[in-house]
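Summary of the model geometry
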Amino acid sequence: MYQFSGKLKMLAIVLMAVGLLGTGYSFFTAPKTLDEAKEILAKQDAHHGGHEATATHTIEEHVEEAKVEEHVEEVATEETQADSTATQVEETVANVAEQAQDSTVVNANEADVKEEVAQTEVKEETHAVAEAHGEDHDAHAEHALHQMQNRPWSAMYVALLFSLGITLLVLAFYGSQIVAQAGWSVVLHRVMEAISSNIHYVSVFMLAFLILTAMHMNHLFTWMGEGVTDPTSENYDAIVDGKKWWLNTPGWLIRSIVYLAGWNVYYFLIRKWSLAQDNGDLKQHKKNYNATVIFLVFFMITESMASWDWIMSIDPHWFSTLFGWYVLATFLVSALTVIAMVTIYLRSKGALPLVNDSHIHDLAKFMFGFSVFWTYLWFSQFMLIWYADMPEETTYFLLRFNEYKVPFLAMVVMNFVFPVLLLINSDFKSRPWFVILGGVVILAGHYIDLFVMIMPGTVGGQWGFGIGEISGLLFFTGLFIFATFSAFAKANPVPKGNPYLHESETYHYYNIEHTGEDSNHH
């Protein structure tokens, strides 16, 4: 039996404590008033070249141009009048002198009046421009305030969803192995069960977050705003109003509870029956199989719906029919990576005596294969939207490419180029340190992928990677470590009652030379 070491347990507790403190700090330091938001914006403008100074200079320049135009007009008028006077002199000298005197007086009066009118118009225009700029600045500052207040919520939400998604897909992959009656992976069942135990803990946090969101404690989902579906309101949004049959707070919250309840009930039952199967009772094996068939159908439906509700609805004007599959691929690659990394760690501690290099090799093959699958879905979604060039679709990628160019492009390299180059070699797939290296990059890349899905619609240009984002990752990493290794320590690492155990124990990939810590028979 594996013993959950005191050092590892202390590490998990410290990570959670530091994560909570950092998260609390990010909420505490978020701006509370419009003046604080304006002050932050002023600092940002000064840092990026002084936007306000440029705006003020533009107003002054406009006023100066108006004055110059007026001066040119006056000069032209005077020249015309001089020509007229010269012609009249040739006809009658006396009349010209008298008329010139009168014309000079009249022109002087007209010039004075025009100058006064021009000055008045310039002043009014300057005031109007300044007033409009002030109103726009206030509206922009209020919008930015909501984005700044959203940032600690969004940072926690990204880490929370990443942890929940990985845990859920580990559970789903475990279920797929049961239904497929796969023999090779039986010695990994206890690892997958232990990782999946995290779903109980993270579901509690997810439920709390959803309830707080439904109570309007944050502004992550714009379709929850006041008056958005009311045609008489100034906040009315016709597109959201057309989707209110689905995007409404009660329905959204009820569906979310159903998702979480279904996933947790399945894990509770499958874990209970798996442990009971250790006595060799095949009836438990059949119960596991039947329950898993039902779960996988439930999972495929609810995973897509959850991705619509929890991620895609952040940008309610945009939708993609591929989105559910895309999110599935993101979490599945991450889940397989976590299984491989936990397996390698436990194997290095001697807790998995039946796991050999061939099992690691197969996990790495899944990591490689589904990295390519993720790229296929990403490219299919991006290429079709780019080629069609429809404004209501391209706006999604336009925002991400303009405001989030570095993480947007980095995730493609980290999630496709790096895994392919590292894991395409068959020998490298059975080298633990290669798998760990690739796994770290893959996890970081798919965290950025989820980050880019959520942040543009919640914080816009007020994004960053600071204390809030790091703290969220630390907290849920600590929670994952505590939940996973506590569960693993409570059960026999070898599922003795599984009828396919011998096949898994003797599993050997044909072109792998076992050089690491292998099964007892190697």
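Residue indices follow the written sequence of each chain, beginning from 1 at its first position. Where local features are concerned, this predicted model is filtered to residues with pLDDT of at least 70; where side-chain atom pairs are given and counted, the filter is 80 or more; whole-chain, interface and lining totals use all residues. Note: side-chain values were computed over all heavy atoms of the structure, leaving out hydrogens and water.

**Re the packing of helix α13 (residues 405-423) against helix α14 (residues 432-458)**
For any two helices packed against each other, one specifies the inter-axial angle together with the distance between the axes. Relative orientation of the contacting elements α13 and α14 amounts to 155 degrees, with a least axis distance of 8 Å. Relative to α14, α13 is oriented roughly antiparallel. With respect to the hand of their crossing, α13 and α14 are arranged in left-handed fashion. Between α13 and α14, the residues in contact are Pro407, Phe408, Met411, Met414, Asn415, Phe418, Pro419 and Leu422 and Phe434, Leu437, Gly438, Val441, Ile442, Ala444, Gly445, His446, Ile448, Asp449 and Val452, respectively. Each residue gets one label: Ala, Val, Leu, Ile, Met, Phe, Trp, Tyr, Cys and Pro are nonpolar, Asp, Glu, Lys and Arg are charged, and the others, such as Gly, are polar. The residue inventory of the contact of α13 with α14, partitioned by class, reads 14 nonpolar, 4 polar and 1 charged. Axes here mean lines fitted to C-alpha atoms, for a helix over just the part in contact, with angles spanning 0 to 180 degrees between N-to-C directions. The way it works is that DSSP assigns letters per residue, a run of H or I at least four long becomes a helix, a run of E at least two long becomes a strand, and they are numbered from the N terminus. Here roughly perpendicular refers to angles of 65 to 115 degrees, roughly parallel to angles under 35, roughly antiparallel to angles over 145, and oblique to all remaining angles. Each crossing gets its hand from how the near helix is turned against the far one by less than a right angle, where anticlockwise is left-handed and clockwise is right-handed. Residues count as neighbours in contact if any of their non-hydrogen atoms are within 4.5 Å of one another.

**Considering the packing of aromatic side chains**
Here a Phe, Tyr or Trp ring, Trp counted by its six-membered ring, pairs with any other such ring whose centre lies within 6.5 Å, and the pair is stacked when the planes are under 30 degrees apart, edge-to-face when over 60, and tilted otherwise. Enumeration according to the criterion identifies 44 aromatic pairs in this entry. With a centroid separation of 6.3 Å and 75 degrees between ring planes, the pair formed by Tyr157 and Phe221 is classed as edge-to-face. Remark: Phe221 occurs in the loop between α6 (198-214) and α7 (238-242) and Tyr157 occurs in helix α4 (residues 93-179); sequence separation between them is 64 residues. The same class applies to Tyr157 as to Phe221, namely buried. On the numbers, 6.3 Å between centres and 50 degrees between planes, the contact of Phe382 with Phe408 is tilted. Placement of the pair is Phe382 in helix α11 (residues 357-388) and Phe408 in helix α13, with a sequence separation of 26 residues. Exposure classes here rest on a 1.4 Å probe applied to the protein chains alone. A residue is buried below 20% of its type maximum, exposed above 50%, and partly exposed in between. Residue Phe382 is classed as partly exposed on the basis of its relative accessible area, which comes to 24%. Site record: aromatic cluster; members linked through ring pairs are Trp318, Phe323, Tyr326, Trp374, Trp378, Phe382, Tyr396, Phe397, Phe401 and Phe408. Across from the ring centre of Tyr396, 3.5 Å away, lies the NZ or CZ of Arg400, which sits over that ring. Any Lys NZ or Arg CZ that is within 6 Å of a ring centre and within 35 degrees of that ring's normal is treated as a charge sitting over the ring.

**A few points about the environment of Phe366**
Tracing the sequence through the fold places Phe366 in helix α11. According to the relative accessible area criterion, Phe366 is partly exposed, its value standing at 25%. In the structure, Phe366 is positioned 29 residues away from Thr337 in sequence and 8.7 Å away in space, judged by C-alpha atoms. For Phe366, the residues in contact, after removing those within four places along its chain, are Phe173, Trp184 and Leu336.

**Some points on the layout of surface pockets**
Cavities and pockets are found on a 1 Å grid laid over the protein atoms alone: a cavity is a set of points where a 1.4 Å probe fits but cannot escape, a pocket is an open set with protein on both sides within 12 Å along at least five of seven lines, and a lining residue has an atom within 4 Å of such a point. Grid points are joined across faces, edges and corners, and a volume is the space filled by probe spheres set on the points. Looking at the largest pocket, its volume works out to about 1,000 Å³. For the largest pocket, the lining is made up of 36 residues, of which His143, His219, Phe221, Thr222 and Gly457 are closest to its centre. For the lining of the largest pocket, the elements supplying multiple residues, two or more each, are α4, α12 (391-403) and α14. Among the residues making up the lining of the largest pocket, the classes are represented as 12 nonpolar, 18 polar and 6 charged.

**Digging into the environment of Met411**
Relative to the helices and strands, Met411 resides in helix α13. Considered as a pair, Met411 and Ala444 are 33 residues apart in the sequence and their alpha carbons are 8.3 Å apart. Apart from the residues within four sequence positions on either side, Met411 is in contact with Tyr326, Trp374, Trp378, Gly445, Ile448 and Asp449.

**Comments concerning the confidence of the model for the protein chain**
Values of pLDDT, which run from 0 to 100, indicate the predictor's confidence residue by residue. The predicted model of the protein chain has a mean per-residue pLDDT of 83, with 80% of residues at 70 or higher. Low pLDDT, under 50, characterises residues 50-98; the stretch is placed with 25 contacts to residues that sit more than four places away or in other chains. Low pLDDT, under 50, characterises residues 102-108; the stretch is placed with 1 contact to residues that sit more than four places away or in other chains.

**Comments concerning the packing of helix α8 (residues 249-276) against helix α9 (residues 282-310)**
With their axes 9 Å apart at the nearest point, α8 and α9 run at an angle of 155 degrees to one another. Classified by the angle their axes make, α8 and α9 are roughly antiparallel. α9 is crossed by α8, and the crossing has left-handed handedness. Tallied by class, the residues present in the contact of α8 with α9 amount to 15 nonpolar, 7 polar and 4 charged.

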